[in-house]
Amino acid sequence: MSEKHLRDWLYAFGVAAAGLFWFFTLNGLPPRVDSLEKKVSEHEGRLARSDVKLDMIADDVKSIKVMLLGAVKK
């Protein structure tokens with residue numbers, strides 16, 4: 001095989017590989033996006049619950065602090 005034929009075959013193989021990669025990536029993209037969107041929404045839900053818990057803990061700490069400071073002043 002001459003160098004030109006080898007270059008042509010290599011070019012054709014590269015184009016075919018790029019076409020297959022594009023096809024399979026494009027067809028695999030919607031399920032991956034749906035999966036990632038589901039994971040993000042789960043994380044957002046966990047974050048919201050964590051924020052509520054942190055707010056409750058902060059309120060309890062503030063009320064304990066007020067009670068302790070009130071007891072010290074008396």
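Structure first, text after, so check above.
How each quantity is defined
- Residues numbered from 1 in each chain as written.
- Predicted model: local features only at pLDDT ≥ 70, side-chain atom pairs only at ≥ 80, totals over all residues.
- Heavy atoms only, no water.
- Salt bridge = Lys/Arg side-chain N within 4 Å of Asp/Glu carboxyl O.
- Helix = DSSP H or I, 4+ residues; strand = E, 2+ residues; numbered from the N terminus.
- Buried < 20%, exposed > 50% of the residue type's maximum accessible area, 1.4 Å probe, protein only.
- Patch = residues over 30% accessible without salt bridge, like charges linked within 9 Å, V, L, I, M, F, W, Y side chains within 5 Å.
- Areas by Shrake-Rupley, 256 points an atom, 1.4 Å probe, with all protein chains shown as cover.
- Lys, Arg positive; Asp, Glu negative; His and termini not counted.
- Charge placed at Lys NZ, Arg CZ, Asp CG, Glu CD.
- Phe/Tyr/Trp six-rings, centres within 6.5 Å; stacked < 30°, edge-to-face > 60°.

Caption draft 1: Quick peek at the pattern of salt bridges. Enumeration over the complete set of coordinates arrives at two salt bridges. Here Glu3 and Arg7 are joined by a salt bridge, their closest N and O atoms 3.0 Å apart. Taken together, the residues Glu3 and Arg7, both in helix α1 (residues 3-73) and four residues apart, mark about one turn of the helix. Take Arg7: its relative accessible area is 52%, and that puts it in the exposed class. Linking Asp8 and Lys4 is a salt bridge whose minimum nitrogen-to-oxygen distance equals 3.5 Å. Within this pair, Asp8 and its partner Lys4 are both found in helix α1, separated by four residues, close to a single helical turn.

Caption draft 2: Local environment of a negative patch on the surface. Together, Asp51, Asp55, Asp59 and Asp60 line one region of the surface with negative charge. Tracing the sequence through the fold places Asp55 in helix α1.

Caption draft 3: Up close: the packing of aromatic side chains. The tally for this structure, following the rule as stated, stands at one aromatic pair. For the ring pair Phe23 and Phe24, a centre distance of 5.4 Å and an interplane angle of 75 degrees mean the geometry is edge-to-face. Judged by its relative accessible area of 41%, Phe23 falls in the partly exposed class.

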